[in-house]
Amino acid sequence: KEGSVAQIAKTVDTLQEEMIRLQKVVEEQAQKMQEKVVTAREQQDDASKERDGAMTHVKKTVDTLQDEIQALKAAMAQQLQKLQDAVGSARETQEATSRAKEGSAAKIAKTVDTL
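Counting starts from 1 at the beginning of each chain's written sequence and moves along it residue by residue. Thresholds applied to this predicted model are a pLDDT of at least 70 for local features of residues and 80 or more for the giving and counting of side-chain atom pairs; totals over whole chains, interfaces and linings are not thresholded and use all residues. The side-chain values count all of the structure's non-hydrogen atoms but skip hydrogen atoms and water molecules.

Colleague: Could you clarify how one ought to interpret the overall build of the chain in this entry?
Modeller: Think of it this way: any DSSP run of H or I at least four residues long counts as a helix, any run of E at least two long counts as a strand, and we number them from the N terminus. Helix and strand counts for the chain come out as one helix and zero strands. In terms of overall size, the chain is more extended than a compact globule, its C-alpha atoms giving a radius of gyration of 49 Å where 115 residues would be expected to give roughly 13 Å. Here the C-alpha coordinates of the chain stretch approximately 165 × 15 × 5 Å along the principal axes. Burial status follows relative accessibility: with a 1.4 Å probe on protein chains alone, a residue under 20% of its type maximum counts as buried, one over 50% as exposed, and anything between as partly exposed. Within the span of the chain, comprising 115 residues, buried residues form 0% of the whole. For this measure, only C-alpha atoms enter the radius of gyration; the expected value for a globule follows 2.2 Å times N^0.38, where N is the number of residues.

Colleague: I would appreciate a short explanation of the pattern of salt bridges in the present structure.
Modeller: Here the idea is simple: oppositely charged side chains can pair when their charged atoms come close. Salt bridge criterion: a side-chain nitrogen from Lys or Arg within 4 Å of a carboxyl oxygen from Asp or Glu. Summed over all chains, the structure comprises three salt bridges. Here Asp63 makes a salt bridge to Lys59, at a shortest N to O gap of 3.1 Å. Taken together, the positions of Asp63 and Lys59, both in helix α1 (residues 2-114) and four residues apart, correspond to about one turn of that helix. Using a relative accessible area of 31% as the deciding quantity, one classes Asp63 as partly exposed. Overall, Lys59 belongs to the exposed group, its relative accessible area being 52%.

Colleague: Please explain the environment of Lys24 as it appears in this structure.
Modeller: Mapped onto the secondary structure, Lys24 falls in helix α1. Among the residues examined, Lys24 registers a relative accessible area of 52% and is labelled exposed.

This is the structure we're talking about:
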């Protein structure tokens, strides 16, 4: 009886030691997993910040390009107006020249008729 009680006590002690060892292993694994979770969250935050930074950069670039497009449109409209003004002025000059030529031709014809 005493031998089996001693054997049972020894088995209980061994099981308690094994349980303590396993508990430490579980705690270590839990700690490692927690560290991995923290690392993953940090990486996710970093990636999110990088993505946000990239999106901000893209938005600024798009805004800049839109501003440049508007400036080009305004410059083109101004150049078009200048061209239209020049064409209008050239037409007026051509019409005036044509009238002057017609007037000169009429004078010449009148002079010829008079002679």
